[in-house]
Amino acid sequence: MLYILIAILMFGLLIALHELGHFAAAKLCGVKVNEFAIGMGPLLLHKKGKETEYSIRLLPIGGFCAMEGEAEGKSADPRAFPNRPWWQRLIILLGGVFMNFLTGFVIILCLLSSAEGFYTPVISGFVEGTPVQASSVLRAGDRITKVDGHAIYLQSDVTFFLSQSGGGAAIDLEVEREGRRLVLDDCPLTVVPQSDGTQRLMLGIYLTDVEKATLGAKLKNAWLQAVDDVRMVWYSLSELIRGAVGLRDMSGPVGIINMVGQVGEAGAEAAQAVGSSAFLGALENILWFVSFIAINLSVMNLLPIPALDGGQILFMAVNGVYTAFTKKKIDPKYMEWVSAAGFACLMFLMLLVTVSDILKQFGV
């Protein structure tokens, strides 16, 4: 029950912060905001500002930023959202995406604030008897910068992209050696038997080099982790598009609530194993998960899907091109129709994913 409550509050907070990004950008651009609400549903508290009504609503599942003319698509007020220059509307639409990314980055930075060092993708040695050691292609001190064409930001990237190598006997690498970039094709992999009877392909290297956790290193690693999370979202979407993953691999609110419980329990168990606080261990793991979800939301909202910020940006671009050629604007009602259809499709997909999540809970 605790994890369910945490998940609901997590979603509510991330959506509210998303809307806060829109609100702050709208205010900076001089757009009239009629209401800014934290939460949804029945009104609990409200206060009328100079022109904006600030409210807190009953259900902690998000919020909204109601700008003048946004819902109708038109307004006579020169400060209405549709009447502002295109670049201001773009800034406002990107405000929510920026706020979600910033939230994820700040959480990561806080989590790394107590770190004493960071592992780097620098080769410190080789596993005895492995083909890569015998080939002498790689050397201790080489910094791995690419694996099969994928840029390496963090030590964990090396392991991840090696696991995605497709089962070949060799892999292409790019390394930095004494200030030079070297492309090394067909570096031999090692077959390592696993405890579950499967086999795993490994490069046979040790990555134990540690960078001291100065303030600059903490900022750099927090930024690289945030960028890496963005890439992981795009990578997952590309896997979905090419059919490598399907509906069963997707998760909606029910699945994410379940994952919050799993990461919390895993963090508590890991902390207890080393004699630390189970609560703090669970909290740390959940915060890592929240940071990823925040960055996930920032990326997903940029997709050119009607009802999302990316869809509105796309429609604004199409409208701009149409106006440049015809000297006319597209009727706002068409945007409303497309948005309604997109929202319906999005809700249908969410329904399918939710049903799939529920079935998975029962082992179906």
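Residues numbered from 1 in each chain as written. Predicted model: local features only at pLDDT ≥ 70, side-chain atom pairs only at ≥ 80, totals over all residues. Heavy atoms only, no water.

J.: Can you lay out the pattern of salt bridges for me, pointing to particular residues and giving the numbers?
T.: Counted according to the given criterion, the structure contains nine salt bridges. Salt-bridge contacts for Lys-27 lead to Glu-51; the nearest nitrogen and oxygen are separated by 3.5 Å. Taken together, the residues Lys-27 in helix H1 (residues 2–28) and Glu-51 in the loop between strand S1 (33–48) and strand S2 (53–67) connect sequence positions 24 residues apart. Judged by its relative accessible area of 32%, Lys-27 is partly exposed. A salt bridge links Asp-228 to Arg-231; the nearest nitrogen and oxygen atoms lie 2.8 Å apart. Here Arg-231 and Asp-228 lie together in helix H5 (residues 215–241), a separation of three residues that amounts to about one turn. Note on Arg-231: relative accessible area 16%, which makes it buried. (Salt bridge = Lys/Arg side-chain N within 4 Å of Asp/Glu carboxyl O. Helix = DSSP H or I, 4+ residues; strand = E, 2+ residues; numbered from the N terminus. Buried < 20%, exposed > 50% of the residue type's maximum accessible area, 1.4 Å probe, protein only.)

J.: Outline the packing of aromatic side chains, supporting the account with residue identities and numerical values.
T.: The way to describe two aromatic rings as a pair is by their centre distance and the angle between their planes. Under the criterion given, the structure shown has seven aromatic pairs. Measuring from centroid to centroid gives 5.6 Å for Phe-160 and Tyr-235, while their planes differ by 75°, and the two rings are edge-to-face. Placement of the pair is Phe-160 in helix H4 (residues 155–163) and Tyr-235 in helix H5, with a sequence separation of 75 residues. Residue class for Phe-160 comes out partly exposed when judged on its relative accessible area of 27%. On the basis of relative accessible area, Tyr-235 is assigned to the buried category, the value being 17%. (Phe/Tyr/Trp six-rings, centres within 6.5 Å; stacked < 30°, edge-to-face > 60°.)

J.: Give me the lowdown on the packing of helix H2 (residues 86–112) against helix H7 (residues 278–300), citing residues and values where you can.
T.: Between two packed helices, what matters for the description is the angle formed by their axes and the separation of those axes. One can describe the packing of H2 onto H7 by two numbers: an axis separation of 7 Å at closest approach and a directional angle of 155°. In this view, H2 runs roughly antiparallel relative to H7, as classed from their interaxial angle. Helix-helix and strand crossings are classified by hand; for H2 and H7 the assignment is left-handed. Along the contact surface, H2 presents Val-97, Asn-100, Phe-101, Thr-103, Gly-104, Ile-107, Ile-108, Leu-111 and Leu-112, while H7 presents Glu-284, Leu-287, Trp-288, Val-290, Ser-291, Ala-294, Ile-295, Leu-297 and Ser-298. Split by residue class, the contact of H2 with H7 holds twelve nonpolar, five polar and one charged. (Axes fitted to C-alpha atoms, helices over the stretch in contact; angles between N-to-C directions. Parallel < 35°, antiparallel > 145°, perpendicular 65-115°, else oblique. Left-handed = near helix turned anticlockwise from the far one by under 90°. Contact = heavy atoms within 4.5 Å. Nonpolar A, V, L, I, M, F, W, Y, C, P; charged D, E, K, R; others polar.)

J.: Account for the pairing of strand S7 (residues 170–177), with residues named and values stated.
T.: Note: strand S5 (residues 143–147) against S7, four bridges, orientation antiparallel. Paired with Val-147 across the strands is Leu-173, a residue of S7. As judged from the seven bridges shared by S7 and strand S8 (residues 180–188), these two strands associate in the antiparallel manner. Following the sheet pairing, Glu-176 is matched in S8 by Arg-181. Adjacent in sequence and paired antiparallel, S7 and S8 are bridged by two residues, among which Glu-178 carries a positive phi angle near 55°. (Pairing = 2+ DSSP bridges.)

J.: Break down the environment of Pro-42 for me, citing the residues and quoting the values.
T.: Note that Pro-42 resides in strand S1. Here the alpha-carbon distance between Pro-42 and Leu-58, two residues 16 residues apart in the chain, equals 5.5 Å. Those residues within four positions of Pro-42 in sequence are excluded, and the remaining contacts are Arg-57 and Leu-58.

J.: Describe in detail the sheet that holds S8, supporting the description with residues and values.
T.: Taken together, four strands build an open sheet; the order of strands is S6-S5-S7-S8 and the sheet is antiparallel. The sheet is open, and its two borders are formed by strand S6 (150–151) and S8, each paired with just one other strand.

J.: Lay out H5 with the relevant residues and their values.
T.: Along its 27 residues, H5 runs 39 Å from first to last C-alpha, staying within 8% of the 39 Å computed at 1.5 Å per residue. Positive phi shows up at Gly-243, right after H5, with a value of about 85°. (Expected span 1.5 Å × (residues − 1).)

J.: Account for the nonpolar core, with residues named and values stated.
T.: Core analysis: the largest hydrophobic core is formed by 22 residues, its most contacted members being Leu-138, Ile-144, Val-147, Ile-171, Leu-203 and Ile-205. Every element with two or more residues in this core is listed here: S5, H4, S7, S8 and H5. The residues contacting Ile-205, other than those within four sequence positions of it, are Ile-123, Gly-125, Phe-126, Val-127, Val-132, Leu-138 and Ile-144. Counting residues in each nonpolar core, the second largest holds 15 residues, with Phe-101, Phe-105, Ile-295 and Leu-303 among its members. (Core = buried A, V, L, I, M, F, W, Y, C linked by side-chain atoms within 4.5 Å.)

J.: Which residues make up a nonpolar patch on the surface, and what are the values?
T.: A cluster of nonpolar side chains, contributed by Ile-4, Ile-8, Ile-38, Met-40, Leu-44, Leu-45, Ile-56, Leu-58, Leu-59 and Ile-61, occupies part of the molecular surface with about 840 Å² of accessible area. At the level of elements, H1, S1 and S2 are the ones that each hand at least two residues to the nonpolar patch. Within the element layout of this structure, Ile-61 appears in strand S2. You can call Ile-61 partly exposed: its relative accessible area is 44%. (Patch = residues over 30% accessible without salt bridge, like charges linked within 9 Å, V, L, I, M, F, W, Y side chains within 5 Å. Areas by Shrake-Rupley, 256 points an atom, 1.4 Å probe, with all protein chains shown as cover.)

J.: Before we move on, could you go through a negative patch on the surface and cite the residues and values that matter?
T.: Judged by side-chain charge, Asp-148, Asp-172, Asp-185 and Asp-186 come together as a negatively charged surface patch. Topologically, Asp-186 is positioned in strand S8. (Lys, Arg positive; Asp, Glu negative; His and termini not counted. Charge placed at Lys NZ, Arg CZ, Asp CG, Glu CD.)

J.: Describe the packing of H2 against helix H8 (residues 309–326), naming the residues involved and giving the relevant values.
T.: At a minimum axis separation of 10 Å, H2 and H8 run at an interaxial angle of 165°. Between H2 and H8, the interaxial angle falls into the category roughly antiparallel. Handedness of the H2/H8 crossing: left-handed. Of H8, the residues touching H2 (which contributes Trp-86, Arg-89, Leu-90, Leu-93, Leu-94 and Val-97) are Asp-309, Gln-312, Ile-313 and Met-316.

Nothing here speaks to function; it is geometry throughout.
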